Amino acid sequence: MLSQEWEGRIMQINSVSPIDWAIDMLDEAKTAEDVQTVLRCSARAAVQAQGVTVVQLENGQCHYLDEDAMSPLWKGQRFPAESCISGWAMLNDQTVAIRDIRTDSRIPQAAYRPTFVRSLLMVPIRVAGTPVGAIGAYWADLHQASGEEVAVLERLAAAAGRALTKASVLAGRSRADHSPADGALAV
């Protein structure tokens with residue numbers, strides 16, 4: 001039998017929504033890697049997608065840092081920002097929802113053809129008002145992202161931007177070299 005103290009803790013945990021939990025975790029993140037991990041572990045479930053990616057804008061390229069998906073997507077790959085939808089979202093500083101990727105000219109069809117992706121939602125991550133990354137959510141069937149799904153991913157992206165700002169400050173305090181860790185979101 002559980003003590004009243006433990007029952008109270010369990011009730012408290014159960015009362016926190018997954019999005020609130022993810023934002024709390026982002027608020028506690030100390031490194032860019034922590035931010036990346038929280039996004040990878042929370043964004044897919046938050047919008048009930050079949051896949052999610054974390055992308056960094058880096059020297060005019062979109063670097064697909066991490067993913068959680070039902071089958072491999074583009075982890076570790078880089079694409080010119082002008083030729084992919086994550087780049088479009090960051091360069092235009094706009095959220096984009098696409099119901100059918102096969103009918104949108106912004107989608108590089110050759111890169112998507114071998115994947116399960118049929119629909120997507122891409123949200124820029126901003127630091128000091130400037131896009132530095134993106135969160136992409138993907139569905140295997142035709143799916144129009146709802147206003148709630150857009151709002152959830154935008155909340156995660158805003159919290160990630162705040163966390164990256166804090167991580168950059170902490171990194172600056174701990175190292176003289178301000179270069180980001182290889183393969184992590186940076187500001």
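Up top you'll find the structure we're talking about.
Reference entry: report on the structure contained in this document.

1. As for the overall build of the chain
(1) Moving on: For the chain, the helix and strand inventory stands at 6 helices and 6 strands.
(2) Moving on: When the helices and strands of the chain are listed from N to C terminus, the series reads α-α-α-β-β-β-α-β-α-β-β-α.
(3) Moving on: Per-residue burial over the chain gives 43% buried out of 187 residues.
(4) Moving on: Nonlocal contacts in the chain, meaning residues at least 24 apart in sequence, comprise 54% of its contacts between residues at least 6 apart.

2. A look at the pairing of strand 6 (residues 130–139)
Remark: a regular strand shows side chains that alternate across the two faces of the sheet.
(1) Moving on: Extensive coverage of strand 6 is indicated by the burial of 9 of its 10 residues.
(2) Moving on: Here strand 1 (residues 51–58) pairs with strand 6 via 6 bridges, running antiparallel. In the strand pairing of strand 6, Thr-53 is matched with Gly-136.
(3) Moving on: Count of turn residues in the strand 5 (residues 119–127)/strand 6 antiparallel hairpin: 2 residues, of which Ala-128 carries a positive phi of about 55 degrees.

Procedures and definitions
Residues numbered from 1 in each chain as written. Predicted model: local features only at pLDDT ≥ 70, side-chain atom pairs only at ≥ 80, totals over all residues. Heavy atoms only, no water. Helix = DSSP H or I, 4+ residues; strand = E, 2+ residues; numbered from the N terminus. Buried < 20%, exposed > 50% of the residue type's maximum accessible area, 1.4 Å probe, protein only. Contact = heavy atoms within 4.5 Å. Pairing = 2+ DSSP bridges.

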